[in-house]
Structures are given as C-alpha cells and as structure tokens.
Amino acid sequence: MKKNTISIRNLNDLINSIQNHANEVCKTQLSGNPGVAYPQKSLREEISNNIERVEQNCHNFSCYPADMTDSSYRAYLWLVFLSKEHNLEQHLAFLHHFLERWKAESRKAVSVDLYNSAMVFQCKSSRQNTHVTLNEGFIKSTPAEVETLLACCLHSTQKNLGELRSISRAASYQRIMAAMWQHTPQSSMSTKGEYYDLLSLFHAINRDYFHGTMKAPRLRWGGKKATRRLGYYHPDSDTITISPFLDQRSIPSYVMEYVLYHEMLHKKLGLKEVNSYRIAHTAQFKQLEHNFNAYQDAEAFLKSLQKR
Ligand SMILES: [Zn+2]
C-alpha cells in the first residue's frame, strides 16, 4: 500500500504545549497567585494559530485535514473543538475542578492530559507523581462523576472502573464526542490504496444498499496488515478502518466490498447494550448482512483466509 498521508510537524510538542498551558492557567488560579498566570488569551491565540497552520499545510498539498494521519487528525479536531469559546471554558473549568479535588485528596504532584485521546482513561503513578490521561469527552462530568474519575486514579477497583465506563457511554460524553468528530471532507489522497479506493467503494455501496443515505464516516487504511481483523468501525470517532491486507490483487473486489459493507452496517445499526455488554452482531445485523449480493462467495473466501 502506498503511504500517502501527511501529518502535523512536531505534533507532540504542539499538544504538550497546549496541555501545559491549560494546566498552568488552572494551577495559577488554584494557587491564588494570578499575577503570574499564563493568560487565557494567549492559549486561544496558540490554538487558532495552529489551526491556521494545519489548514494552510493541507491546502498546499491539495487535501483536507481528514486526509492526515490518525494522530494528526485527532489533534486537529481537538484544536477546532477548543477554538470555540464555550468548549475551552468547559475544558478549563473541568480541569480546574479536577485539579482542585486532586489537591484536596492527594499530596502527590499530578499532570493531566485532557485530550481527544484514543484512550478513555489512563493513570500512571510513580512514587513522586501521577500522570493522568482523560478523554476530552469527560469535560461535562457532574461533580459526582469527577469523584469517580478521582477514585479511579487514587484507588482503582473494578467497581470504579465499571462506573467510569458507564460515564463514557452516557449521553453527555457522547455529545462531546459527536461535537469533536465533525468530519472534514476527505480526498482520495488518503483513501486510495494500490488496488482499491475506499472512498469510491463507499459511495457505490451506499448507493446500492443504503439508498445513498449514509453520511460518509472517515475511511482509513489501518497501519498493520492484519489478516484476522480486516475491518473495524469505531463509533466515537465515526471511523472505518480497513486492513491494508485487503488492498492486493489476489483479493476479489466482492470480498473487499463485503468487508466494507459489514463495517457500514455497524455504523448504521450501532451497538445494542444488554446487561452492560455491548452486542454488535445482532440477529438484525446478520439478516442485513445476507442482503449483500455475493454474500455466500465472500463468506467462503473469508473462511478460506482464516484457514491459511
Ligand atoms: Zn463486525
């Protein structure tokens, strides 16, 4: 597969800088010493300057932000999200509240990455300090939910982690995700493989099986040539990832299309929750899968792959 995506230069420096400055804004507020505060205005400028830089760069390459690598696109959407005044206010208010509660509960130093992260939650602790990664989706947490997050950091139990998972599936978290993952268009720069173009396949399947009604998710080729997991739909980021293993001459087009159709069905049907387990391949799902023209042949081909 051709590697033809672009990325943001010094991506980690950019993210770290904004995280640090957001932490600084909150920590100086908490220390009651506003004289040295990193001004919120500078943070806003830093965010908008970076958005401009990314968009200009994409423009120079005649592509869109959604064509960038996954990590760069994540960062870009995060910046756009924070560039809206009320989102940045919410971000800082949450961070402030979390740090305030932390200070009351623990003597350890803490640094918080509050980000459009691929992870929901992570907490790494050493003897001196703790590093917490929280998904941006948590910024509208209620005070009780912040206590749950804190509990997961300070004395994580299965029960605490279960509650955290419920928060991440609840409506307010999902609304933040939906607001963040407002996809920009995509060009074939990132969807075109050597043999197959995910974007044109998507349009054909959308026309043939969904009356052209499905809004395009983000389509990307995965990083590894996975032969077991050939496709994956991630609902939070509305992204279909396809294994580059399928992008070769020996894979018939009906197999490639079938895998994409399967993932599009996931987008259409969502996940059904039963006793806090989420079920994807429901009876309805399997029934719709049978609508695919070459269903039998595609299934047989996929089975033969697994045996190899
Ligand atoms: Zn599936």
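To start, this report covers the structure provided alongside it. The structure presented is a predicted model; accordingly, all values stated were derived computationally and were not measured.

Another aspect to go through is the sheet that holds strand β4 (residues 218-221). Ordered in space as β4-β6-β5, the three strands form an open sheet in which the pairing is mixed. Unpaired on one side and paired on the other, β4 and β5 (231-234) mark the two borders of the sheet. Here the average twist between neighbouring strands, direction ignored, is 20 degrees. Of the pairings in the sheet, the one linking β5 to strand β6 (residues 239-242) comprises four bridges and is antiparallel in character.

On β6, burial covers both faces: T239 and T241 on one face and I240 and I242 on the other are all buried. As defined by bridge partners, β4 adjoins β6 across four bridges and the pair is classed as parallel. Bridged to W221 within β6 is I242. The antiparallel hairpin formed by β5 and β6 contains four residues in its connecting segment, where D238 sits at a positive phi of about 45 degrees.

Counted under the stated rule, the structure contains 10 salt bridges. For R101, the salt bridge identified is with E105, shortest N-O distance 2.9 Å. Of this pair, R101 and E105 both sit in helix α4 (residues 85-105), separated by four residues, roughly a single helical turn. Residue E105 is classed as partly exposed on the basis of its relative accessible area, which comes to 46%. For E163, the salt bridge identified is with K159, shortest N-O distance 3.3 Å. Taken together, the residues E163 and K159, both in helix α6 (residues 158-169) and four residues apart, mark about one turn of the helix. Judged by its relative accessible area of 61%, K159 falls in the exposed class. Within the structure, one salt-bridge network assembled from shared partners comprises D70, R218 and R220.

At the metal site, the zinc ion is ligated by H262 (NE2), H266 (NE2) and H281 (NE2), and these contacts range over 2.0 to 2.1 Å. Here the donor residues of the zinc ion share one chain and are spaced in sequence as H-x3-H-x14-H. Remark: H281 occurs in the loop between β8 (277-279) and α11 (283-289) and H266 occurs in helix α10 (residues 253-269); sequence separation between them is 15 residues. Take H281: its relative accessible area is 40%, and that puts it in the partly exposed class.

What follows covers helix α12 (residues 295-307). Taking 1.5 Å per residue, 13 residues should reach 18 Å; α12 reaches 19 Å between its end C-alpha atoms and fits that length. Y295, A298, F301, L302 and L305 are the residues of α12 that are buried. Looking straight down α12, one finds that the buried residues subtend no more than 135 degrees of arc, so they occupy a single side. Of the exposed residues in α12, the ones pointing more than 90 degrees away from its buried face are Q296, K303 and K307. In the core, the buried residues of α12 are packed alongside α10 and α11.

So, about the environment of F202. Positionally, F202 belongs in helix α9 (residues 198-209). As for F202 and L219, which are separated by 17 residues in sequence, their C-alpha atoms are 8.6 Å apart. Setting aside its immediate chain neighbours within four residues, F202 contacts M214, K215, A216, P217, L219, L260 and M264.

An order of β1-β3-β2 is seen for the three strands of this open sheet, with the pairing classed as mixed. Strand pairing shows two members of the sheet lacking a second neighbour, β1 (109-115) and β2 (121-125), which therefore form its edges. When strand polarity is set aside, the average angle formed by the axes of neighbouring strands in this sheet is 10 degrees. One ladder, built from seven bridges, connects β1 with strand β3 (residues 129-135); its direction is parallel. Note that in β3 the partner of D113 across the bridge is T133. Across the sheet, α4 lies against β1 and β3, angled at about 155 degrees from β1, the strand it touches most.

What follows covers the side chain of E289. On the secondary structure map, E289 appears in helix α11. Here E289 is buried and forms no salt bridge, its nearest opposite-charge partner K286 lying at an N-O distance of 7.2 Å. One polar contact links E289 to Y258, side chain to side chain, over a distance of 3.3 Å.

So, on to the pairing of β2. By the bridge criterion, five bridges tie β2 to β3 in an arrangement that is antiparallel. What sits directly across from Q122, in β3, is T133. Taking the residues between adjacent antiparallel strands as the criterion, β2 and β3 are bridged by three residues.

Moving on, we come to the packing of α6 against helix α7 (residues 171-180). Where α6 meets α7, the axes come as close as 5 Å, and the angle between the chain directions of the two elements is 50 degrees. As judged from the angle between their axes, α6 and α7 are oblique. For the pair α6 and α7, contact is made by I167, S168 and R169 and by A171, Y173 and Q174, respectively. When the residues that make up the contact of α6 with α7 are grouped by side-chain class, the tally is three nonpolar, two polar and one charged.

Cut-offs and rules
- Residues numbered from 1 in each chain as written.
- Predicted model: local features only at pLDDT ≥ 70, side-chain atom pairs only at ≥ 80, totals over all residues.
- Heavy atoms only, no water.
- Pairing = 2+ DSSP bridges.
- Helix = DSSP H or I, 4+ residues; strand = E, 2+ residues; numbered from the N terminus.
- Axes fitted to C-alpha atoms, helices over the stretch in contact; angles between N-to-C directions.
- Buried < 20%, exposed > 50% of the residue type's maximum accessible area, 1.4 Å probe, protein only.
- Salt bridge = Lys/Arg side-chain N within 4 Å of Asp/Glu carboxyl O.
- Donors = N, O, S within 2.8 Å, 3.2 Å for Na, K, Ca; no water.
- Expected span 1.5 Å × (residues − 1).
- Arc of directions from axis to C-beta.
- Contact = heavy atoms within 4.5 Å.
- Lys, Arg positive; Asp, Glu negative; His and termini not counted.
- Polar contact = N/O pair within 3.5 Å; in protein donor to acceptor, adjacent residues only side chain to side chain.
- Parallel < 35°, antiparallel > 145°, perpendicular 65-115°, else oblique.
- Nonpolar A, V, L, I, M, F, W, Y, C, P; charged D, E, K, R; others polar.

Interpretation in functional terms is not warranted from these geometric data alone.
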